[in-house]
Amino acid sequence: MAMFTPDQRTRVRSDLLEYAARDQRITGAAITGSAAADAEDKWSDIDLAFGLADPSDQPRVLSDWTSYMYQKHSALHHLDVVAGLWIYRVFLLPGVLQVDLAFVQAAEFRPLASTFRLVFGTANEPREFPPPTTGGIIGLGWLYALHARSCIARMRLWQAEYMVSGVRDYALALACIRHGLPSVHGRGIDRLPMEVTAQYEGALVQQMSTAELSRAFRVAVDGFQTEVLAADENLGECLRETLASLSEGLS
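S.K.: It is not clear to me how the overall build of the protein should be interpreted in this structure. Could you clarify?
M.R.: When helices and strands are tallied, the protein shows seven helices and six strands. Seen through its principal axes, the protein has C-alpha atoms that stretch 65 × 40 × 35 Å. Residue burial in the protein is summarised as follows: out of 251 residues, 43% are buried. Considering only contacts within the protein whose residues lie at least 6 apart along the sequence, 58% involve residues at least 24 apart. Distance between charge centres in the protein, computed from 22 positive and 30 negative side chains, equals 4 Å.

S.K.: Looking at this structure, I do not really get the nonpolar core. What am I missing?
M.R.: Across soluble globular proteins, nonpolar side chains have a tendency to be buried as a group. Core analysis: the largest hydrophobic core is formed by 34 residues, its most contacted members being Ile-152, Val-164, Val-167, Leu-192, Phe-217 and Phe-224. Excluding residues within four positions of it along the chain, Phe-224 makes contact with Ile-137, Ile-138, Gly-141, Trp-142, Val-167, Ala-171, Leu-174, Tyr-200 and Leu-243. In this structure, Ile-46, Leu-62, Trp-65 and Phe-103 belong to the second largest nonpolar core, which totals 28 residues.

S.K.: What is the right way to look at the packing of aromatic side chains in this model?
M.R.: Any pair of aromatic rings gets described here by the distance separating the centres and the angle formed by the planes. Applying the stated rule across the entire model yields eleven aromatic pairs. Seen from their ring centres, Phe-50 and Trp-65 are 4.9 Å apart, and the 40° between their planes marks the pair as tilted. Taken together, the positions of Phe-50 in strand S2 (residues 46-52) and Trp-65 in helix H2 (residues 58-73) put the pair 15 residues apart, joining distant regions of the chain. Overall, the relative accessible area of 0% leaves Phe-50 in the buried class. Consider the rings of Trp-65 and Phe-103, whose centres lie 5.8 Å apart with planes at 70°: the pair is edge-to-face. On the criterion of sequence distance, the pair formed by Trp-65 in helix H2 and Phe-103 in strand S5 (residues 97-105) is long-range, its members being 38 residues apart.

S.K.: I keep staring at the sheet that holds strand S1 (residues 26-32) and nothing clicks. Help me out?
M.R.: Two pairing modes exist for strands in a sheet, parallel and antiparallel, and in both the strands are linked by backbone hydrogen bonds. Taken in spatial order, the six strands make up an open sheet running S3-S4-S5-S2-S1-S6, and their pairing is mixed. Each having just a single partner strand, strand S3 (77-83) and strand S6 (116-121) make up the two edges of the open sheet. Ignoring which end each strand starts from, the neighbouring axes of this sheet average 20° apart. Sheet topology places S1 next to S2; five bridges connect them, and they run antiparallel. The residue of S2 that forms the bridge with Gly-28 is Gly-51. With respect to the sheet, helix H1 (residues 6-22) is in contact with S1, S2, strand S4 (86-93), S5 and S6, its orientation differing from that of S2 by roughly 5°.

S.K.: Mind showing me how you'd approach the layout of surface pockets here?
M.R.: Empty pockets left among the atoms are what a rolling probe the size of a water molecule brings to light. Size it by volume and the largest pocket reaches roughly 1,500 Å³. Together, 39 residues line the largest pocket, and Tyr-88, Ala-113, Thr-115, Val-184 and Arg-187 are the ones closest to its centre. Those elements that place two or more of their residues in the lining of the largest pocket are S2, S3, S4 and S5. Across the lining of the largest pocket, the residue classes tally to 22 nonpolar, ten polar and seven charged. As a volume, the second largest pocket reaches approximately 310 Å³. Looking at the second largest pocket, it is lined by 15 residues, and the ones nearest its centre are Tyr-170, Ala-173, Ser-183, Val-184 and His-185. Of all the elements in the fold, those that place two or more residues in the lining of the second largest pocket are helix H3 (134-153) and helix H4 (157-178). Examining the composition of the lining of the second largest pocket, we find that six residues originate from one element, H4, more than from any other. Here the lining of the second largest pocket is built from residues that sort into nine nonpolar, five polar and one charged.

S.K.: Looking at this structure, how should I read H1?
M.R.: Note on helix geometry: an α-helix contains 3.6 residues per turn, so any two residues three or four positions apart are oriented the same way. Relative to the 24 Å expected for 17 residues at 1.5 Å per residue, H1 spans 25 Å between its end C-alpha atoms, a close match to the ideal helical length. Along H1, the positions that sit buried rather than exposed are Arg-9, Val-12, Arg-13, Asp-15, Leu-16, Leu-17, Tyr-19 and Ala-20.

S.K.: Can you walk me through the side chain of Ser-44 in this structure?
M.R.: Summarising the element assignment, Ser-44 is placed in the loop between S1 and S2. Judged by its relative accessible area of 9%, Ser-44 is buried. Only 3.3 Å separates the side chain of Ser-44 from the side chain of Ser-34, close enough to count as a polar contact. Apart from residues lying up to four places away in sequence, Ser-44 is in contact with Phe-4, Arg-9, Ser-34, Ala-39 and Leu-97.

Analysis parameters
- The numbering scheme is per chain: residues are counted from 1 as the chain's sequence reads.
- In view of the model being predicted, local features appear only for residues whose pLDDT reaches at least 70, and side-chain atom pairs are presented and counted only at 80 or more, with totals across whole chains, interfaces and linings using the full set of residues.
- Calculation of side-chain values draws on the structure's entire complement of heavy atoms; hydrogens and water are dropped beforehand.
- Strands here mean DSSP runs of E at least two residues long; helices mean DSSP runs of H or I at least four residues long; both are numbered from the N terminus.
- To sort residues, take the accessible area from a 1.4 Å probe on protein chains only and compare it with the maximum for the residue type: under 20% means buried, over 50% means exposed, and anything in between is partly exposed.
- Here, residues are in contact when the closest pair of their heavy atoms is within 4.5 Å.
- Counted as positive: Lys and Arg. Counted as negative: Asp and Glu. His and the chain ends are not counted at all.
- Throughout, a charge is located at the NZ atom of Lys, the CZ atom of Arg, the CG atom of Asp or the CD atom of Glu.
- Here, nonpolar core refers to any group of buried Ala, Val, Leu, Ile, Met, Phe, Trp, Tyr and Cys residues whose side-chain atoms link them within 4.5 Å.
- Geometry of aromatic contacts follows a simple scheme: Phe, Tyr and Trp rings, the Trp one being its six-membered ring, pair when their centres are within 6.5 Å, and the pair is stacked under 30 degrees between planes, edge-to-face over 60, tilted otherwise.
- A pair of strands is labelled paired if DSSP reports no fewer than 2 bridges between them.
- To obtain each axis, a line is fitted to C-alpha atoms, and for helices this fit is confined to the stretch in contact; angles are then taken between N-to-C directions over 0 to 180 degrees.
- Here a cavity denotes a set of grid points, spaced 1 Å apart and computed over the protein atoms alone, in which a 1.4 Å probe fits but from which it cannot get out, and a pocket denotes an open set meeting protein on both sides within 12 Å along at least five of seven lines; residues with an atom within 4 Å of a point are reported as lining.
- Grid points are joined across faces, edges and corners, and a volume is the space filled by probe spheres set on the points.
- Residues are grouped as follows: nonpolar covers Ala, Val, Leu, Ile, Met, Phe, Trp, Tyr, Cys and Pro; charged covers Asp, Glu, Lys and Arg; every other residue, Gly included, is treated as polar.
- Helix span, expected: 1.5 Å multiplied by one less than the number of residues in the helix.
- Counted as a polar contact is a pair of N or O atoms within 3.5 Å, where, for protein atoms, one must be capable of donating a hydrogen and the other of accepting one, and residues adjacent in sequence contribute only when both atoms are in side chains.

Structure below.
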């Protein structure tokens, strides 16, 4: 099946906005994501946000819109992502077109980022969605490092690879925060200075063996330690000896 075209994406988005305008339960609609920033490319998905007059209507609205997506646009599958009071129902359409439909009560319908273009109705004052905290990322980083070490020692190679990659990814998330870039889902990694990302190339696992996993793990932990020190020097010093000890005794 051929990939969707930009024209097809535009037609689907226009149809959904027209459908929203006919839905009396919806008080406002906005285009979000790359389209709101005039930054779409041929890979971009559809991101729309809707305010609901009555919060108790949400289950029925979701049900009706889901039926519409399957019947009108031949959706193949969907899933929900919940963030605070927002529910993002994410659809996969033929041609690998992703459609994200976000619903929230009218009192909370507002821009959560700069990528928000109101199409109709009213929106409340902007409120930035709280970014991940460095403390939380650091905690997940050392947690993945502990499990990476035990998985390598237990010869659980695939799980070990998963954990090593996690340590690397959380270190890169900290690097993104340090450079003022988005830290969620790797969105800012490709905008990091080359000298930052270059040090993590060695943290990519090249083959499934304990020796290779141990090598990549050491690189990932070294990078993670560097970023922890940059984010919180006192915590970095507190964790330094323990993090350094994780790779000891590994082949």
